[in-house]
Amino acid sequence: MDDRFEVLVTGESMWPVLIPGKRYIARRDQEPAVGDIVVAINPNDAANTIVKRLTVINGDKYQLVGTVSWSSTFAVTRQQILGVLTL
Amino acid sequence: MKSLVVSAHCDIPCGIYEPVVAKIAARTVARMTDQMLELELPDMTDKHAVDHYVSSVARRTAVKEQHAETCKRELETLWSDFFKPEHLEKFPDLHDKFWKAIKAAGTCKQETAKDHADELLTAVDEIAKMFYEAKGVPERFAAYQEITDNLYK
């Protein structure tokens, strides 16, 4: 099975690291580490996915933040992380 | 019989005046300014990224322009329709405050600078304080601040 999947970015919260409208590759088989950009299920809306930088791992709480100040911060579980972006 | 032509003080005398709208518009101007100053230039060889950047800045500029104009209009309404000559006795710098606030809104349209956005916010707050004092409800200034200073916290 291919462990890679394509990610289409919308929104500016990761500007200029990720450009809205561009497609990136993420890997399912990589363990997320602090500093990685990860794709995760939105903890506030399971129908949507988010892409943010992983800044803190505290037990099973993974803190995800954007690059711009107006981005929201999320706390997700390991299970909610779908993959790690390859840049 | 002689007739006397008189004019009403307001186009439609609704009696509804409130500086919150001007403050929200000023906060929007400040927010757009902050975001534009923060948006980093993308890799200029990446056309897609450059296109997106230009679009992002253009949209924020349009919103800044529109809300600065709203702020001006709201301030002008307070100045011309709510405040009366008798208020000058209590607030001798009333005209100066309005003039500076409206000029600041214009400067915010011309430039993208945090200093000007902050100047507009301060000027609107000063007018709001006068407004609530003139209405005889100075305690409402705190409620005004509570609402308008916490719009996106």
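Residues numbered from 1 in each chain as written. Chains lettered and ligands numbered in written order. Predicted model: local features only at pLDDT ≥ 70, side-chain atom pairs only at ≥ 80, totals over all residues. Heavy atoms only, no water.

Visitor: I would appreciate a short explanation of the overall build of chain A in the present structure.
Guide: Summing up its helical and strand segments, chain A has 0 helices and 7 strands in all. Traced from its N-terminal end to its C-terminal end, chain A shows the element sequence β-β-β-β-β-β-β. For chain A, the C-alpha atoms occupy an extent of roughly 35 × 30 × 25 Å along the three principal directions. When burial is assessed residue by residue, chain A has 41% of its 87 residues classed as buried. Considering only intrachain contacts with a sequence separation of at least 6, the fraction spanning at least 24 residues in chain A is 47%. When the accessible surface of chain A is totalled, it reaches about 4,700 Å², and 47% of it is carbon and sulfur. Side chains of chain A carry 9 positive and 9 negative charges; the gap between the two charge centres is 3 Å. (Helix = DSSP H or I, 4+ residues; strand = E, 2+ residues; numbered from the N terminus. Buried < 20%, exposed > 50% of the residue type's maximum accessible area, 1.4 Å probe, protein only. Contact = heavy atoms within 4.5 Å. Areas by Shrake-Rupley, 256 points an atom, 1.4 Å probe, with all protein chains shown as cover. Lys, Arg positive; Asp, Glu negative; His and termini not counted. Charge placed at Lys NZ, Arg CZ, Asp CG, Glu CD.)

Visitor: Please clarify how helix 4 (residues 94-110) of chain B should be interpreted in this entry.
Guide: Working note: α-helix, 3.6 residues per turn, so residues spaced by three or four point in the same direction. Spanning 17 residues, helix 4 of chain B covers 25 Å between terminal C-alpha atoms, matching the ideal 24 Å at 1.5 Å per step. Buried residues along helix 4 of chain B sit against helix 1 (20-38), helix 2 (47-82), helix 3 (87-90) and helix 5 (114-135) of chain B. (Expected span 1.5 Å × (residues − 1).)

Visitor: Explain the packing of aromatic side chains to me, please; I cannot follow it from the model alone.
Guide: Aromatic rings considered in pairs are described by the distance between their centres and by the relative angle of their planes. Residue and element names in this part refer to chain B. One pass over the full model with this rule turns up 9 aromatic pairs over all chains. Judged by centre distance (5.4 Å) and plane angle (20 degrees), the ring pair of Phe-141 and Tyr-144 falls under stacked. You can see Phe-141 and its partner Tyr-144 sitting in helix 6 (residues 140-148), 3 residues apart, about one turn around the helix. Each member of the pair Phe-141 and Tyr-144 is classed as buried. Ring-pair connections join several aromatic residues into one group, and the members of that group are Tyr-17, Trp-79, Phe-82, Phe-83, Phe-98, Phe-131, Tyr-132, Phe-141 and Tyr-144. Looking at Lys-129, its charged tip hangs above the ring of Phe-141, at a distance of 5.7 Å from the centre. (Phe/Tyr/Trp six-rings, centres within 6.5 Å; stacked < 30°, edge-to-face > 60°. Lys NZ or Arg CZ within 6 Å of the ring centre and 35° of its normal.)

Visitor: Where do I start with the pattern of salt bridges in this structure?
Guide: A pair can form between side chains of opposite charge whenever their charged atoms are brought close. If you walk through the whole model with that rule in mind, you get 18 salt bridges over all chains. Between Asp-46 of chain B and Lys-22 of chain A there is a salt bridge, and its shortest N-O distance comes to 2.4 Å. Of this pair, Asp-46 of chain B sits in the loop between helix 1 and helix 2 while Lys-22 of chain A sits in the loop between strand 1 (4-8) and strand 2 (23-27), which puts the two residues in different chains. With relative accessibility at 16%, the residue Asp-46 of chain B sits in the buried group. Lys-22 of chain A gets classed as partly exposed once you look at its relative accessible area, which sits at 26%. The partner of Asp-34 of chain B in a salt bridge is Lys-114 of chain B, and the shortest N-O contact between them spans 3.9 Å. Of the two residues, Asp-34 of chain B sits in helix 1 while Lys-114 of chain B sits in helix 5, which places them 80 residues apart along the sequence. Under the relative-accessibility criterion, Lys-114 of chain B is labelled partly exposed at 42%. (Salt bridge = Lys/Arg side-chain N within 4 Å of Asp/Glu carboxyl O.)

Visitor: What's the story with the pairing of strand 1 of chain A in this structure? I'm lost.
Guide: Residues and elements named next belong to chain A. Burial along strand 1 is one-sided: the face carrying Phe-5 and Val-7 is buried and the face carrying Arg-4, Glu-6 and Leu-8 is not. Relative to strand 2, strand 1 runs antiparallel, the two sharing 5 bridges. By the bridge assignment, Arg-4 is partnered in strand 2 with Arg-27. (Pairing = 2+ DSSP bridges.)

Visitor: Even after reading the chapter, I still don't get the interface of chain B and chain A, so can you show me in this structure?
Guide: Interface size, as often reported, equals the accessible area lost upon joining of the parts. In this complex, chain B contributes 13 residues to the contact, which on the side of chain A involves 11 residues. Between chain B and chain A, the buried area comes to about 1,100 Å², and carbon and sulfur atoms account for 58% of it. Of all residues in chain B, Glu-38, His-48 and His-52 of chain B give up the largest surface area on contact with chain A, accounting jointly for 42% of the area buried on that side. Here chain B is connected to chain A by 2 salt bridges. Along the contact surface separating chain B from chain A lie 7 residue pairs in polar contact (both at pLDDT 80 or more). Listing elements by their share of the side of chain B that touches chain A, those giving two or more residues are helix 1 and helix 2 of chain B. (Buried area = accessible area lost by both parts, 1.4 Å probe. Polar contact = N/O pair within 3.5 Å; in protein donor to acceptor, adjacent residues only side chain to side chain.)

Visitor: Help me understand the sheet that holds strand 1 of chain A, please; the structure alone is not making it clear to me.
Guide: Strand pairing in a sheet relies on backbone hydrogen bonds, with the paired strands running either antiparallel or parallel. All names here are of chain A. Reading across from one edge, 1-2-7-3-4-5-6 is the order of the 7 strands in this open sheet, with antiparallel pairing throughout. Here the strands that pair on one side only, and so sit at the sheet edges, are strand 1 and strand 6 (74-76). Strand-to-strand twist in this sheet, taken as the mean axis angle between neighbours without regard to direction, amounts to 45 degrees. Bridging between strand 3 (residues 37-41) and strand 7 (residues 81-86) involves 3 bridges; their strand directions are antiparallel. Bridge pairing in strand 7 links Val-39 to Gly-83. (Axes fitted to C-alpha atoms, helices over the stretch in contact; angles between N-to-C directions.)

No statement about biological role is implied by the geometric values presented.
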